[in-house]
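Chain by chain, the residues:
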Amino acid sequence: MVSVPRGRPEPVRVVLRRKAMSHDLQPAETLLLTFKDKEAFVSVDDPIHKDLSTITVHGETLFLSCDETAGIDRLTPDKSGYGNHVHFNLGELVELPDGPDGEMDIEGLAVDGDWIWVCGSHSLKREKPDDDDDPKAALDRMADIDWDENRAFLGRLPLVMEDGAPRPVARDGARRMAHVKQGKKSALKKWLKGDPHLDRFLSIPSKENGLDIEGIAVKGLRVWLGLRGPVLRGRAVILDMEMKVTKNGHLKPRRLADGMRYRKHLINTTGQGVRDLSFDGDDLIVLTGTALAGDGPSEVLRWRDAVADVTSGLVEPAKVETLAELPYRGAVDHPEGIVAWLKPGEWLAVYDSPAPERVKEKPARVLADIWTF
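Definitions and cut-offs
- Residues numbered from 1 in each chain as written.
- Predicted model: local features only at pLDDT ≥ 70, side-chain atom pairs only at ≥ 80, totals over all residues.
- Heavy atoms only, no water.
- Phe/Tyr/Trp six-rings, centres within 6.5 Å; stacked < 30°, edge-to-face > 60°.
- Helix = DSSP H or I, 4+ residues; strand = E, 2+ residues; numbered from the N terminus.
- Buried < 20%, exposed > 50% of the residue type's maximum accessible area, 1.4 Å probe, protein only.
- Lys NZ or Arg CZ within 6 Å of the ring centre and 35° of its normal.
- Salt bridge = Lys/Arg side-chain N within 4 Å of Asp/Glu carboxyl O.
- Pairing = 2+ DSSP bridges.

Enquirer: Requested: an account of the packing of aromatic side chains, with residues and values cited.
Expert: For the coordinates displayed, the defined rule picks out 2 aromatic pairs. Taking the centre distance of 4.9 Å and the plane angle of 80° together, the rings of Trp224 and Phe279 count as edge-to-face. Note that Trp224 is positioned in strand 16 (residues 222–229) and Phe279 in strand 20 (residues 273–280), a separation of 55 residues in sequence. Classification of Trp224 by relative accessible area gives buried; the value is 0%. Residue classification places Phe279 among the buried residues on the basis of a relative accessible area of 14%. Above the plane of the ring of Trp115 lies Arg175, whose end atom (NZ or CZ) is 5.1 Å from the centre. Positioned above the aromatic ring of Tyr351 is the side chain of Arg358, whose terminal nitrogen or guanidinium carbon lies 4.2 Å from the ring centre.

Enquirer: Quick one: what's the story with the pattern of salt bridges, residue by residue and with numbers?
Expert: Throughout the structure, instances matching the rule amount to 30 salt bridges. The closest approach of N and O atoms between Arg151 and Glu103, which form a salt bridge, is 2.7 Å. Residue Arg151 is located in the loop between strand 9 (145–146) and strand 10 (154–162), and its partner Glu103 is located in the loop between strand 5 (81–89) and strand 6 (106–112); the two are separated by 48 residues in the primary sequence. Linking Asp283 and Arg302 is a salt bridge whose minimum nitrogen-to-oxygen distance equals 3.0 Å. In this pair, Asp283 sits in strand 21 (residues 283–289) while Arg302 sits in strand 22 (residues 298–303), placing the two residues 19 residues apart along the sequence. Of the two residues, Asp283 and Arg302, neither departs from the other in class, the shared state being buried. Counted as one network, the salt bridges with shared partners bring together Glu103, Asp105, Lys125, Asp148 and Arg151.

Enquirer: Quick rundown of the pairing of strand 7 (residues 115–120)? Include the residues and the values.
Expert: With 6 of its 6 residues buried, strand 7 lies for the most part within the structure. The alternating pattern of strand 7 places Trp115, Trp117 and Cys119 and Ile116, Val118 and Gly120 on opposite faces, both of which are buried. Looking at chain direction, strand 6 and strand 7 are connected through 6 bridges and run antiparallel. Each bridged residue has a counterpart across the sheet, and for Gly108 the counterpart in strand 7 is Cys119. With antiparallel pairing between neighbouring strands as the criterion, strand 6 and strand 7 make up a hairpin whose turn holds 2 residues, including Gly113 at a positive phi of roughly 65°. Here strand 7 pairs with strand 10 via 5 bridges, running antiparallel. When the sheet's bridge partners are listed, Cys119 is paired in strand 10 with Leu154.

This is the structure we're talking about:
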């Protein structure tokens, strides 16, 4: 049983039936997460507890996000695990180009000190056909490729304590919210235009090996972005930028010694894309998964001393360790977020498309896994 600090409830242990596999890793514990019911979110098609896309931690507080909303969800300890759900609509704190209800496709959250960083996927999306569509109508529908302007959000907000828990705000004294300048087009894509490796993927939709951010890790104003796509010759891409706050209060990457605004690290993931990033000291933990639509295996990698790597290039194989191959369950339990938990070697993971045995309704509850590796 995991020991927990005073004031935090013990994780709830639930035994799950999983498919047998050659590396049949099992979670050490599970943690029950309780959310408000779907009716609280008028813009959400899927219940929020079944569509988690990322997770981060501030002390004893969990911050999560559902990729269909334009906001952040906060959970704090309760008698059964984590609950006391509060949703923060970022459209009330930031002027979003597509409005407060426009989908941000938040795929990256990271806490650094008393700041929370938020990153949208920056991806295009192809219209998804319905199985009962007329075949010709479905084909025509799939020709539509959409761009949601809110998806290009990349910024940080101050966290302040209120009633014993942190909440994101637009301003806290001298600390102010700041984000990359927004508009009709993505500033990040503008900086990547002409890149010999990435330029040709900028107009390709997500889940088709197009540009798709699904992880963020931060130290100070240095930001790492993990790409689900593109994957290049079996290697995932991690962008590394050193931000500054401009006179107008926006975030912008500094130009580095080579004149570029970013470093480009390619890490051998055997064909998988990045699904989340999280720091463990100066080591970067990389959660991987399929770059395309559909199902696929997921691994947890450790990139040792990633902070010291300040040049673009291929990450040396000797610096990368495979910590775990997470159980592959096909159409369910797709790992989407991972964050360091209570003790060294413990990691909390959340899933998209959770297995039925993870999910409980009324109230909306789902089980997260605590892994040790």
